[in-house]
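Listed here are the chains, written in short residue letters.
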Amino acid sequence: MAQGADRRIEPGRSIAVLTSGGDAPGMNAAVRAITKVAASRGIHVVGVVGGYTGLRDGALRALTHDVSTPSGPAVVPDPEVDAAGSLGGTVLGSAREPRFLTPEGRRPAVALLSEPGRFAGLIVIGGNGSLAGAHALAQECAVPVVGMPASIDNDVGCSSSAIGVDTALNTIVDACDKICDTARAHRRAFVVEVMGRDCGYLAMAGAIAVGADAVLFREQGRGEEAIVDAAVRAIRGAFEQGRGKQRVLILKAEGVSVPCTRLVRLVEDRLGAELPGVDVRATVLGHLVRGGNPSFQDRMIAGRLGLAAVAAVLDGATDVMLGWQGPAGGVATGDPAVSRYPLDEVLRQSAALVDGTSAVTRRRVLMMEQVEGVLGL
Ligand code: F6P
C-alpha cells in the first residue's frame, strides 16, 4: 500500500522533532532534512532540547522562521540547522530519561503535545529505547508520533541499517588500521573492543572490513573458556613458524561478557612461554566510535528517512517508524528504499535481533561461521 496524499494540517501547527538515547552520527542530518522538507511545505519545525527530558520540561527551540519573499511569505530553516547537518553528535542534545518508562512520567510530554492547535506531530530520532517511548506516546497523545532509527548498534528491527552505523564502521576501520600499524611494528596481538551493546554487528562487519584474524561476539553464545580458546587459536595460528605474519587483530564486541583486560590476561596465561616476545594488548574504542561527522551513507539515509517521516506526519500516520531497506510487509513510500512499519512490530523485531530468534541474526552468525577459517589466514 502506498502512502496517501498529504493531510492538510491546520495553519499554525508545527512539527516537533527530538533526538534521544545514545547519539549517532547523522542525527543532525536527519533534523536538517525534516526541517527543510517541512519548511518547503510552509510548516514550522520546533526542536525539543534534550530528548524526552526536554519534552517533559517543554524545552523547545524554533528551527524555522518566517520570511517575506518577492513571491510571498515563506518558512525557512534557521541557518544553524543547515550548518549542523554535517556534524556528529546532536545539536538538539539527547538524554536517557528513565521517567519516560511510566505513564505518569510521560504525562507532562503528553499534555504539551496535545495542547490544542500547537503541534502537527512529533518525530523521534533514536534507537530502541527511544522508539519504545515513541510507541507509548503514540497511544497517549492526540497527534501523530513517527520514529526514525538512529543507533550505531544496528539493533533496530525493520531497518537493515540505522542512521549512524556506517559512520561508526568507518571510524572502527580507521582506528583498527592505525592499531595495525603499531601492532606490525612490534609483532603484537591486539584485542580491540567496539561498542554495540548486546548486538555484535559492528564487531562482525568491522572484522570483515579490516581483515581481522578473529571476531568475538555475544551471539556466538560462547562461554569464557571458548572465548579464550578462540583468541588463543587466532594468535597461535598467526604467529606459528613459517607464517611470517606481523600482527594479530581480534575484534571483540562490547556484548561479550569477558572484559578486555581479563581476556588478555587469560590469553597470556594460556600462551605462557609458547610465543616468546609476543605481547597481547587490549584497546577499548568506547565512545570514540559514536562521534565524528556523518558519512555520505548516513547523511543520505537520514535525508531519505527524514523526507518520508514528514510525509508520514502529514498523512496522519502514527505509531510508525520509517525503515531503511526493511523486510517485506511495510507500507511503501515514494522512496523504494524506505517503508513504514508499525512501532510495535519494530520493537518485536528488535527484541528478536538481540535474543537470536530473528532470521537476520541467524544469517549474520552463519555468515561469520562461514568466514571464521578465512579470517584466521
Ligand atoms: O546504544 C548506543 C551505545 O553507544 C551502545 O553501543 C553502548 O552500549 C551505549 O550506547 C553506551 O551508552 P552511554 O553513552 O549512555 O554510556
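Quick caveat: nothing in here was measured; it's all calculated off a predicted structure. (Residues numbered from 1 in each chain as written. Predicted model: local features only at pLDDT ≥ 70, side-chain atom pairs only at ≥ 80, totals over all residues. Heavy atoms only, no water.)

### Digging into the sheet that holds strand 13 (residues 331–332)
Pairing is mixed in the open sheet, where eight strands are placed in the order 3-2-1-6-7-12-14-13. Edge positions in the open sheet fall to strand 3 (60–62) and strand 13, since each of these has one partner strand only. The sheet contacts of helix 1 (residues 27–40) involve strand 1 (14–19), strand 2 (44–48), strand 6 (119–126) and strand 7 (145–149), and relative to strand 6 the element is tilted by about 160°. (Pairing = 2+ DSSP bridges. Helix = DSSP H or I, 4+ residues; strand = E, 2+ residues; numbered from the N terminus. Contact = heavy atoms within 4.5 Å. Axes fitted to C-alpha atoms, helices over the stretch in contact; angles between N-to-C directions.)

### Quick notes on empty space enclosed by the protein
Across all of its chains, the model carries one cavity of 30 Å³ or more by this definition. Considering the residues around the largest cavity, the lining is formed by Asn28, Val31, Arg32, Arg61, Leu63, Val81, Ala84, Val91 and Leu92. Listing elements by their share of the lining of the largest cavity, those giving two or more residues are helix 1 and helix 3 (79–84). Among the residues forming the lining of the largest cavity, the class breakdown is six nonpolar, one polar and two charged. (1 Å grid on protein atoms, 1.4 Å probe; cavity = no way out; pocket = protein on both sides within 12 Å on 5 of 7 lines; lining within 4 Å. Points joined across faces, edges and corners; volume = space filled by probe spheres on them. Nonpolar A, V, L, I, M, F, W, Y, C, P; charged D, E, K, R; others polar.)

### Side note on the domain arrangement of the protein
The domain architecture assigned to the protein consists of domain 1 (14–164 + 294–355) and domain 2 (166–291). Centre-to-centre, using C-alpha coordinates, domain 1 lies 36 Å away from domain 2. Between domain 1 and domain 2, the contact holds 14 residues from the first and 15 residues from the second. For the pair domain 1 and domain 2, the summed buried surface comes to about 1,300 Å²; carbon and sulfur atoms form 49% of the total. (Domains from an automatic or database assignment. Buried area = accessible area lost by both parts, 1.4 Å probe.)

### A word on helix 7 (residues 201–210)
Listed in full, the buried residues belonging to helix 7 are Leu202, Ala203, Met204, Gly206, Ala207 and Val210. Contacts made by the buried residues of helix 7 are with helix 6 (165–186), strand 8 (189–194), strand 9 (214–216), strand 10 (248–253) and helix 12 (359–375). The positive-phi residue at the C-terminal boundary of helix 7 is Gly211, with phi of around 65°. (Buried < 20%, exposed > 50% of the residue type's maximum accessible area, 1.4 Å probe, protein only.)

### Side note on the nonpolar core
Grouped together as the largest cluster of nonpolar side chains are 94 residues, with contacts concentrated most on Ile123, Ile125 and Ile235. The residues that make up this core include at least three from each of domain 1 (14–164 + 294–355) and domain 2 (166–291). In contact with Ile123, not counting residues within four places along its chain, are Ile15, Ala16, Val17, Leu18, Ile34, Val146, Met148, Ala309, Val310 and Val313. One finds Leu18, Phe119, Ala134 and Val156 within the second-largest nonpolar core, a separate group that totals 28 residues. (Core = buried A, V, L, I, M, F, W, Y, C linked by side-chain atoms within 4.5 Å.)

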